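Residues per chain, in single letters:
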Amino acid sequence: MARKDEIRDFLISRRAKITPEQAGIPNYGELRRVPGLRREEVAQLAGVSTDYYTRLERGSLRGVSDAVLEAVASALELDEAERSYLLDLARAANTPVRRAARRPTQQRVRSGVLRLLEGMTGVVAVVQNGRSDVLTANLLGRALYGPVLDSLTAAGPDTQDRRPNQARYLFLDPGAGDFYPDWPAVAATTVAMLRSEAGRNPHDRALNELIGELTTRSGLFAALWAGHDVRIHTTGTKRFHHPVAGDLSLQFETLNLPGDQGQTLFTFTAEPGSTSQNALAFLASWAASPSETAITGDPPADPQLSRPLPHAAQNTPPRETEHD
């Protein structure tokens, strides 16, 4: 039933975003009771009956052909990420439900990938999975993402798998708004990526637990999650306010690691001659200083993330009014 609700709410939310004018449907100045298109208008654009589309919007995607799904996607003017999400929802609807969602085994980054990262000395390099867990980072990546890696809030309640999680840090750590100057945009993108991942892997127990935790503990996350937005995150610019290096504006690229399902390499670079390049160079020098990189206190839970976790941290959620 929950899966049918997701299908219904996604299709309704996309239908509400398309105006008759956008779809080329004459309006004639009539009053409309619903935002966006009516069901019968979507059905007409997709070339199916109203009854058939109504069944789809009620969450019944079992047995629906890819051709019909593509027609519906075109009628709703879905982008690439939204089309992929709709196909993932249909794939889940046509796959027998597993008896129990198992917690996946802890992901490890291959030694070859680790050597590749450590060889990227002038580039920030971080590997994450689809749940936004930080799996590993090179020296400059560990320095840039120090506030995330050092956050007990980001590590989560499971002491057996204390991987820092970007989404948990964003919505539950009070320092996230300072580290990410564009917090609202970063938060919206992160939620959209998590929803895309939920479409691809609906039975991922760890992912479902994370979503449940964030929905319960953060009203901001819950509101964004209810928007049913999805996104493919490939390239762009991200701003940071680092406690050591100050303000940085970095260009990022993403690369899926085909030999490691679900793992993505994120790289960050600065424009040549920019103040961000100078700040990144300073950060690299600071990270390489023995006085700054010496391991003190408790050892990290994962040897692939060499920054230690602090002995104590304030485990309180961010003030939600700060990010409105």
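The sections below set out a description of the structure shown in this document. Please read these numbers as outputs of a predicted model, since none were measured by experiment.

A few words now on the packing of aromatic side chains. A full pass over the atoms with the stated rule returns 14 aromatic pairs. Centre to centre, the rings of Phe-10 and Tyr-85 are 4.9 Å apart; their planes meet at 75 degrees, and the pair counts as edge-to-face. Here Phe-10, found in helix H1 (residues 2-16), pairs with Tyr-85, found in helix H6 (residues 80-93); they are 75 residues apart in sequence, far enough to count as distant. Pair check on accessibility: Phe-10 and Tyr-85 agree, each one buried. An angle of 85 degrees between the planes, with centres 5.7 Å apart, marks the rings of Tyr-145 and Phe-240 as edge-to-face. In this pair, Tyr-145 is assigned in the loop between helix H8 (139-144) and helix H9 (146-149) and Phe-240 in strand E3 (residues 235-242), connecting sequence segments 95 residues apart. When its relative accessible area of 4% is taken as the criterion, Tyr-145 is described as buried. By the ring-pair criterion, three or more aromatic residues cluster together here, those being Tyr-145, Tyr-169, Phe-179, Tyr-180, Phe-240, Phe-252 and Phe-268.

Applying the stated criterion across every chain yields a total of 19 salt bridges. Across the salt bridge formed by Asp-88 and Arg-91, the nearest N and O atoms sit 2.4 Å from each other. Of this pair, Asp-88 and Arg-91 both sit in helix H6, 3 residues apart, roughly one helical turn. By relative accessible area, which is 11% here, Asp-88 ends up buried. Among the salt bridges present, the one from Arg-205 reaches Glu-209, with a minimum N-O distance of 3.0 Å. In this pair, Arg-205 and Glu-209 both sit in helix H14 (residues 205-217), 4 residues apart, roughly one turn of the helix.

So, how was this worked out
- Residues numbered from 1 in each chain as written.
- Predicted model: local features only at pLDDT ≥ 70, side-chain atom pairs only at ≥ 80, totals over all residues.
- Heavy atoms only, no water.
- Phe/Tyr/Trp six-rings, centres within 6.5 Å; stacked < 30°, edge-to-face > 60°.
- Helix = DSSP H or I, 4+ residues; strand = E, 2+ residues; numbered from the N terminus.
- Buried < 20%, exposed > 50% of the residue type's maximum accessible area, 1.4 Å probe, protein only.
- Salt bridge = Lys/Arg side-chain N within 4 Å of Asp/Glu carboxyl O.

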